[in-house]
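# An overview of the molecular structure
Read off the chains here:
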Amino acid sequence: MNQLIQKLTGMGGMTDQVIATDFLISAKSGVRNYAVAITEAGTPELRAALREQLREAIATHEKITNYMVAKGYYHPHDLTKQLQVDLTVSDTALKLAD
């Protein structure tokens, strides 16, 4: 993210990695919510519509995951690397709160 834009928007400490991580967490939540909604739907038509939304939410999650893996922000198959990334992101988030 351009530093001038970061300063103008008040997001000086916000990084692409933090934004992508937040987006991934939101996408995961959306997938879970659609899955629960399908089990609660009262009609076949509503279940079909929710299943389509679930498919789209899963596709979005996959795109975000692929982006984060490509950028080195997410290491789903290497716990040691992922722990280091998570600690760095946590430090960044704590600095934003200051």
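Further up the page is the structure itself.
This write-up is about the structure you can find in this document. (Residues numbered from 1 in each chain as written. Predicted model: local features only at pLDDT ≥ 70, side-chain atom pairs only at ≥ 80, totals over all residues. Heavy atoms only, no water.)

Once that is clear, we can look at the overall build of the protein. Along the backbone of the protein there are four helices and zero strands. Secondary structure elements of the protein occur, N-terminal to C-terminal, as α-α-α-α. For the protein, the residues scored as buried account for 21% of the 98 residues in total. Of the contacts formed within the protein by residues at least 6 apart in sequence, a portion of 48% connects residues at least 24 apart. (Helix = DSSP H or I, 4+ residues; strand = E, 2+ residues; numbered from the N terminus. Buried < 20%, exposed > 50% of the residue type's maximum accessible area, 1.4 Å probe, protein only. Contact = heavy atoms within 4.5 Å.)

Our next topic: the packing of helix α2 (residues 16-40) against helix α4 (residues 79-97). Two elements in contact, α2 and α4, have axes separated by 10 Å at closest approach and are oriented at 105°. By the criterion of interaxial angle, the relationship of α2 to α4 is roughly perpendicular. Of the residues in α4, those in contact with Gln17, Val18 and Thr21 of α2 are Val85, Val89 and Thr92. Looking at the contact of α2 with α4 residue by residue, the class counts come to three nonpolar, three polar and no charged. (Axes fitted to C-alpha atoms, helices over the stretch in contact; angles between N-to-C directions. Parallel < 35°, antiparallel > 145°, perpendicular 65-115°, else oblique. Nonpolar A, V, L, I, M, F, W, Y, C, P; charged D, E, K, R; others polar.)

By themselves, these observations are geometric and do not establish any function.
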